2 protein chains.
Amino acid sequence: MGVCELCNISDADRKLLLYENAYWSIYLANKQDYVGRCIIVLKRHCGSLSELTVNEWCSFKDITSSVENMLKNELSATMFNWSCLMNDAYKSIIPNPHVHFHVRPRYAASVSIGDISFIDTDFAHHYNNKSENKLNEEQKNKLFCYLKQKIDIYFNEKQANILR
Amino acid sequence: MGVCELCNISDADRKLLLYENAYWSIYLANKQDYVGRCIIVLKRHCGSLSELTVNEWCSFKDITSSVENMLKNELSATMFNWSCLMNDAYKSIIPNPHVHFHVRPRYAASVSIGDISFIDTDFAHHYNNKSENKLNEEQKNKLFCYLKQKIDIYFNEKQANILR
């Protein structure tokens with residue numbers, strides 16, 4: 001069986017952990033082809049959406065809201081492309097998939113965050129899966145630190161809304 | 001504001017309605033670039049995942065399980081690519097998006113259903129968004145009738161499991 005890369009996340013990727021709750025971990029994607037792209041990884045090894053528990057599924061709803069709000073407010077994202085594909089796991093002879101989602105923020109206008117500037121040339125079209133990384137290491141780390149500092153607000157806000 | 005095509009589904013697409021519950025409608029996609037591809041459309045006009053209600057979200061969980069089980073058992077799908085993109089709505093000057101998901105069944109082996117045969121040449125890779133329709137009208141209608149006849153089983157089974 002193929003080794004599960006998501007149960008054994010590399011140190012380089014683990015450094016990009018933005019937030020975690022009981023069920024999910026949110027990482028800034030190593031490849032920033034769309035600036036602010038995140039990967040949301042189930043903490044438990046589970047191979048398909050069908051097998052998610054109700055608690056995992058409900059928790060993911062909170063994550064979609066909080067992550068969309070954060071990327072909208074902090075990066076001026078216009079809308080979002082969500083996907084759960086898991087194709088790579090099937091490159092192994094004995095596949096060993098692990099549920100995770102990609103969220104690509106999409107931008108109608110050019111976006112500037114510090115010295116980072118990004119134009120979403122494919123906006124309103126399918127994301128370009130072969131699009132290259134747009135941020136160097138320093139820019140990616142700056143973006144990570146910026147979002148890491150902000151993300152709790154969006155989860156606490158969600159919590160406050162539930163309690164209201 | 002752009003007219004919402006999903007609140008005003010064309011007669012050609014409406015004929016491909018496989019199943020509906022209180023919140024969602026499941027259509028066989030008109031373009032069968034991946035055989036068995038379905039589109040799951042929220043019945044209410046709503047522009048983002050963030051704005052889905054808890055009931056809509058929980059209902060969608062049942063749909064992912066039932067649709068995956070159906071496509072696995074009836075078409076021998078190996079795994080599934082799920083996406084919620086909504087890019088087309090942003091081609092309008094005043095976008096008017098409506099939440100919907102695409103599910104593309106993916107096949108490790110060639111699939112045959114009656115006279116339909118399909119090889120997923122990109123298996124274990126990102127789906128090809130420019131892939132052409134693989135079924136003619138007659139084949140698509142046969143596939144629709146076949147799945148339409150079967151789909152209730154998968155939702156009733158789900159219900160039976162809940163009641164057990």
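Above: the structure in question.
Residues numbered from 1 in each chain as written. Chains lettered and ligands numbered in written order. Predicted model: local features only at pLDDT ≥ 70, side-chain atom pairs only at ≥ 80, totals over all residues. Heavy atoms only, no water.

## Some details on the pairing of strand β5 (residues 100-106) of chain A
All names here are of chain A. For β5, the buried fraction is high: seven of the seven residues fall into the buried class. Taking every second residue as pointing to the same face, both faces of β5 are buried, with His100, His102, Arg104 and Arg106 on one and Phe101, Val103 and Pro105 on the other. Where strand β3 (residues 38-42) and β5 come together, four bridges link them in antiparallel fashion. Its bridge partner lying in β5, valine 41 is registered against histidine 100. Looking at chain direction, strand β4 (residues 79-84) and β5 are connected through five bridges and run antiparallel. (Buried < 20%, exposed > 50% of the residue type's maximum accessible area, 1.4 Å probe, protein only. Helix = DSSP H or I, 4+ residues; strand = E, 2+ residues; numbered from the N terminus. Pairing = 2+ DSSP bridges.)

## Observations concerning the pattern of salt bridges
Opposite charge on two side chains permits pairing when their charged atoms draw close. Residue and element names in this part refer to chain B. For the structure on display, the rule yields twelve salt bridges over all chains. A salt bridge links lysine 43 to glutamate 20, with the shortest nitrogen-to-oxygen separation between them at 3.0 Å. Linking lysine 43 in the loop between β3 (38-42) and α2 (54-75) with glutamate 20 in strand β1 (residues 17-20), this pair joins segments that are 23 residues apart in sequence. Since its relative accessible area comes to 43%, glutamate 20 is described here as partly exposed. In this structure, the salt-bridge partner of aspartate 33 is arginine 37, at a minimum N-O distance of 2.7 Å. The same class applies to aspartate 33 and to arginine 37, which are both buried. (Salt bridge = Lys/Arg side-chain N within 4 Å of Asp/Glu carboxyl O.)

## Focus on the relation of the copies chain B and chain A
The transformation that overlays chain B on chain A combines an axial shift of 0.0 Å with a rotation of 180 degrees, and the residual RMSD is 0.0 Å. Classification of the inter-copy transformation places it as that of a two-fold axis. The C-alpha atom lying nearest the rotation axis in chain B is that of B:Ser83; the distance is 2.1 Å. Both copies share a contact surface, since 100% of the interface residues of chain B are interface residues in chain A too. (Least-squares fit on C-alpha atoms with pLDDT ≥ 70 in both. Contact = heavy atoms within 4.5 Å.)

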